[in-house]
Amino acid sequence: MSFNDFGASTAWGEPEQQSGDIVKDAIRKERILKEIAAAQGDLQALVARVHSVQSDVDQLTSENSTLQMYIDNLTMQMAKRK
């Protein structure tokens with residue numbers, strides 16, 4: 001078994017890059033960063049929408065509670081009249 005060619009394989013080390021690969025990698029990284037920024041913007045919009053909907057749900061829950069108290073009071077008044 002010979003270890004003379006052990007360091008020759010690029011599979012274990014950094015791959016050799018050609019000048020065209022550096023430019024392609026830079027373009028790819030820039031595109032990915034733009035996609036990430038766009039996704040973050042979309043996520044921020046979704047979070048804002050979730051907060052808005054949660055506020056609406058809280059308001060409706062409060063209104064439902066008030067209506068339930070009103071219905072209970074009316075029911076008790078009707079029961080007293082009979």
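Note that the structure is predicted; figures quoted are calculated from it, not measured.

Within the protein, the regular secondary structure consists of 1 helix and 0 strands. Counting only residues that meet the buried cut, the protein has 0% of its 82 residues in that class. Accessible area of the protein: about 8000 Å², with a carbon and sulfur share of 59%.

This paragraph deals with a nonpolar patch on the surface. A cluster of nonpolar side chains, namely Ile32, Leu33 and Ile36, defines an oily patch on the protein surface of about 260 Å² accessible area. Locating isoleucine 32 in the fold gives a position in helix 1 (residues 19-81).

A full pass over the atoms with the stated rule returns 3 salt bridges. Residue lysine 34 pairs with glutamate 30 through a salt bridge whose shortest N-O separation is 3.5 Å. Of this pair, lysine 34 and glutamate 30 are both found in helix 1, 4 residues apart, which corresponds to roughly one turn of the helix. Taking relative accessible area as the criterion, lysine 34 reaches 55% and is therefore assigned exposed.

The rules behind these values
- Residues numbered from 1 in each chain as written.
- Predicted model: local features only at pLDDT ≥ 70, side-chain atom pairs only at ≥ 80, totals over all residues.
- Heavy atoms only, no water.
- Helix = DSSP H or I, 4+ residues; strand = E, 2+ residues; numbered from the N terminus.
- Buried < 20%, exposed > 50% of the residue type's maximum accessible area, 1.4 Å probe, protein only.
- Areas by Shrake-Rupley, 256 points an atom, 1.4 Å probe, with all protein chains shown as cover.
- Patch = residues over 30% accessible without salt bridge, like charges linked within 9 Å, V, L, I, M, F, W, Y side chains within 5 Å.
- Salt bridge = Lys/Arg side-chain N within 4 Å of Asp/Glu carboxyl O.

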